[in-house]
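# Structural overview for review
Spelled out, the chains give:
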Amino acid sequence: QVQLVESGGGLVQPGGSLRLSCAASGSIFSIYGVAWYRQTPGKQRELVASISSGGSTNYAASVKGRFTISRDNAKNTVYLQMDSLKPEDTAVYYCKFRWYWGQGTQVTVSS
């Protein structure tokens, strides 16, 4: 069925940047919205950013102005550009497409 593969996570210093990618397969991609969530241990999964089929974007207040979600429909891929990273951004980041979830990619912001 549908598979979502996230990549791009890692360890970064506060103020640094990472770009996450989520590659989708097994479904028509362009007509659906996609979202990025994140989760830390003991906390509920949080919606970080979303992008509609038409390219409209929404962001959690905590990341607005620092993160940018985008999509490349030709590549069936959604991106999350993460700039000015803070320690509180540390989490496992998940891509959601339709009712499918990726495996998650760890982002750790620490000095």
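Fair warning: this is a prediction, and the values are worked out from it, not measured in the lab. Position numbers for residues start from 1 in each chain and track the written sequence from start to end. Only residues with pLDDT of at least 70 are given local features in this predicted model, and only at 80 or more are side-chain atom pairs given and counted; all residues enter the totals for whole chains, interfaces and linings. Here the side-chain values reflect all heavy atoms present in the structure, with hydrogen atoms and water set aside.

### Considerations on the sheet that holds strand β7 (residues 67–72)
Worth spelling out the cut-off: If DSSP finds at least two bridges between two strands, the strands pair. Secondary structure elements are taken from DSSP: a helix is a run of H or I of four residues or more, a strand is a run of E of two residues or more, and numbering for both begins at the N terminus. All axes are obtained by fitting lines to C-alpha atoms, using only the stretch in contact for helices, and the reported angles, taken between N-to-C directions, cover 0 to 180 degrees.
Pairing is antiparallel across the open sheet formed by four strands, whose spatial order is β1-β3-β8-β7. Each having just a single partner strand, β1 (3–7) and β7 make up the two edges of the open sheet. Adjacent strand axes in the sheet meet at a mean angle of 15 degrees when their direction is disregarded. Both β7 and strand β8 (residues 77–82) contribute to a ladder of six bridges, which runs antiparallel. Bridge pairing links Arg-71 to Val-78 in β8.

### As for the side chain of Thr-77
Spelled out, the test is: Polar contacts here mean pairs of N or O atoms no more than 3.5 Å apart (in protein, one a potential hydrogen donor and the other a potential acceptor; neighbouring residues in sequence count only if both atoms are side-chain atoms). Any pair of residues with heavy atoms lying within 4.5 Å of one another is described as a contacting pair.
Relative to the elements of secondary structure, Thr-77 occurs in strand β8. Separated by 2.8 Å, the side chain of Thr-77 and the backbone oxygen of Lys-75 make a polar contact. Setting aside chain neighbours within four positions, we find Thr-77 in contact with Ser-21, Cys-22, Ala-23, Phe-29, Ser-70, Arg-71 and Asp-72.

### Some remarks on the nonpolar core
Rule in force here: Buried residues of nine kinds, namely Ala, Val, Leu, Ile, Met, Phe, Trp, Tyr and Cys, make up a nonpolar core once their side-chain atoms join them within 4.5 Å. Exposure is judged per residue with a 1.4 Å probe applied to protein chains only, and the accessible area is read against the type maximum: over 50% gives exposed, under 20% gives buried, and values in between give partly exposed.
If you look at the biggest cluster of nonpolar residues, it comprises 28 residues, and the most contacted ones within it are Leu-4, Trp-36, Phe-67, Val-78, Leu-80, Met-82 and Tyr-93. Elements represented by at least two residues in this core include exactly β3 (18–25), β4 (34–39), β5 (46–51), β7, β8, β9 (91–97) and β11 (105–109). With residues near it in sequence (within four places) discarded, Tyr-93 still touches Glu-6, Leu-20, Trp-36, Tyr-37, Arg-38, Val-48, Phe-67, Leu-80, Met-82, Gly-104, Thr-105 and Val-107.

### Focus on the packing of aromatic side chains
What counts is decided by this rule: Geometry of aromatic contacts follows a simple scheme: Phe, Tyr and Trp rings, the Trp one being its six-membered ring, pair when their centres are within 6.5 Å, and the pair is stacked under 30 degrees between planes, edge-to-face over 60, tilted otherwise. Should the NZ of a Lys or the CZ of an Arg lie within 6 Å of a ring centre and within 35 degrees of the ring normal, that charge is described as sitting over the ring.
Tallying each qualifying case throughout the model produces five aromatic pairs. One aromatic cluster is present, formed by Phe-29, Tyr-32 and Phe-97 through successive ring pairs. The lysine or arginine in question, Arg-45, covers the ring of Tyr-94, its NZ or CZ lying 3.8 Å from the ring centre. Lying over the aromatic face of Phe-29, Arg-71 brings its terminal NZ or CZ to 4.6 Å of the ring centre.

### Notes on the pattern of salt bridges
Note that side chains of opposite charge can pair when their charged atoms are close. Note the threshold: Counted as salt bridges are all cases of a side-chain nitrogen of Lys or Arg within 4 Å of a carboxyl oxygen of Asp or Glu.
Within the structure shown, the criterion is met by three salt bridges. A salt bridge links Asp-89 to Arg-66, with the nearest nitrogen and oxygen atoms 2.7 Å apart. In this pair, Asp-89 sits in the loop between β8 and β9 while Arg-66 sits in the loop between β6 (57–59) and β7, placing the two residues 23 residues apart along the sequence. The pair Asp-89 / Arg-66 is uniform in exposure class, with both members buried. The structure contains a network of salt bridges with shared partners spanning Arg-38, Glu-46, Arg-66 and Asp-89.

### With respect to the side chain of Arg-66
Assessed through its relative accessible area of 10%, Arg-66 is described here as buried. Residues in contact with Arg-66, not counting those within four places in the same chain, are Gln-81, Met-82, Asp-83, Ser-84, Leu-85, Lys-86 and Asp-89.

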